[in-house]
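# Summary of the model geometry
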Amino acid sequence: SGDPVTITGDAVFDGQQWWWPIEDMRRSIRGWVEENSIGEGSPSAGVGFSGQIGTAVSVIPTRSLNLRFGPGTGFDVVSNASPNDTLPAFGRNLDGTWLQVTLSDGQNAWVYTSFITVANAGDDINNLPVTAYGVGNCVRITADSSRRLGWDWCVNSVVVVPGQGIRVHTSRTAFTSSGYRLDIYSDVGNRNMYLTDNLGNRYDFTTLGGAASRTTNHRNGTTSYAWYLFPFPDSNATALTFHDDDQSVVISWNPR
């Protein structure tokens, strides 16, 4: 008690509380410690996410609900909840309209705030850390010299995945001449797609999904959605950049 330790990584949520990896330099001991055991000066969870990590807030649906892959109705439904369920919420989006919760199988999902109630009167979901934010930065990539064929690439949002990293959600909308079709191939195993920060670090994706996992065919105005999971960036980074060297895509933003 009272001994100084160094936090060596990002917090992991076990469904009930947050745990930090620490090292006691004087004793050459490494281990994990409960969030509530860390004194003043502990950092927030991961780069670009404001708020302090604390105990999860239990919430109860007021009706049958869809639980989604991200904070919005445009994300896939990954599970369901009934009014009898109690869900531990550990994060929220910037405006507090969606909460990130832990499911019984250890996975996490998002629930719409208007359809839940807080189980304990003393808890406040506004005190939960922000674990998702919108980006909305785009770049136009042309596929031919006429500049009439190509894609509008966008980084739409970023979501923290406890114990794994940050999930970057992207979209690609085709613009083509009448009758033309554009194909985007699977990014599985593509080492030319990665994340960098302003400190010079590079982060390769560990997994991906959506349109990134298969070949997609595009006509004019067709949009496909893909996501990439990257390791947690350096906690001192103040800018992130998404790269696809095959398509000359470079999209930067400042983490919230």
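Reading the values: the criteria
Residues numbered from 1 in each chain as written. Predicted model: local features only at pLDDT ≥ 70, side-chain atom pairs only at ≥ 80, totals over all residues. Heavy atoms only, no water. Phe/Tyr/Trp six-rings, centres within 6.5 Å; stacked < 30°, edge-to-face > 60°. Helix = DSSP H or I, 4+ residues; strand = E, 2+ residues; numbered from the N terminus. Buried < 20%, exposed > 50% of the residue type's maximum accessible area, 1.4 Å probe, protein only. Lys NZ or Arg CZ within 6 Å of the ring centre and 35° of its normal. Disulfide = S-S within 2.5 Å. Salt bridge = Lys/Arg side-chain N within 4 Å of Asp/Glu carboxyl O.

## Section: the packing of aromatic side chains
Applying the stated criterion across every chain yields a total of seven aromatic pairs. Look at Y228 and F242: their rings are 5.5 Å apart centre to centre, the planes differ by 50°, and that puts the pair in the tilted class. Of this pair, Y228 sits in strand 20 (residues 223-230) while F242 sits in strand 21 (residues 240-244), and the two are 14 residues apart along the sequence. Of the two residues, Y228 and F242, both sit in the buried class. Members of the aromatic cluster, joined through ring pairs, are W153, F205, Y228, F230 and F242. Above the face of the W227 ring, R167 is positioned so that its terminal group lies 6.0 Å from the ring centre.

## Quick look at the state of the cysteines
What the rule picks out here adds up to one disulfide. A disulfide bridge connects C138 with C154, and the sulfur atoms are separated by 2.0 Å. The disulfide joining C138 to C154 has a torsion of about 105° about its S-S bond and is therefore right-handed. Of this pair, C138 sits in strand 12 (residues 130-142) while C154 sits in strand 13 (residues 150-161), and the two are 16 residues apart along the sequence.

## Some remarks on unusual backbone geometry
Backbone geometry places S248, a non-glycine residue, at a positive phi of 60°. One can find S248 in the loop between strand 21 and strand 22 (249-253).

## Describing the pattern of salt bridges
Tallied over the entire structure, the rule returns three salt bridges. Measuring nitrogen to oxygen at the nearest pair gives 2.9 Å for the salt bridge that ties D204 to R202. Residue classification places R202 among the partly exposed residues on the basis of a relative accessible area of 43%.

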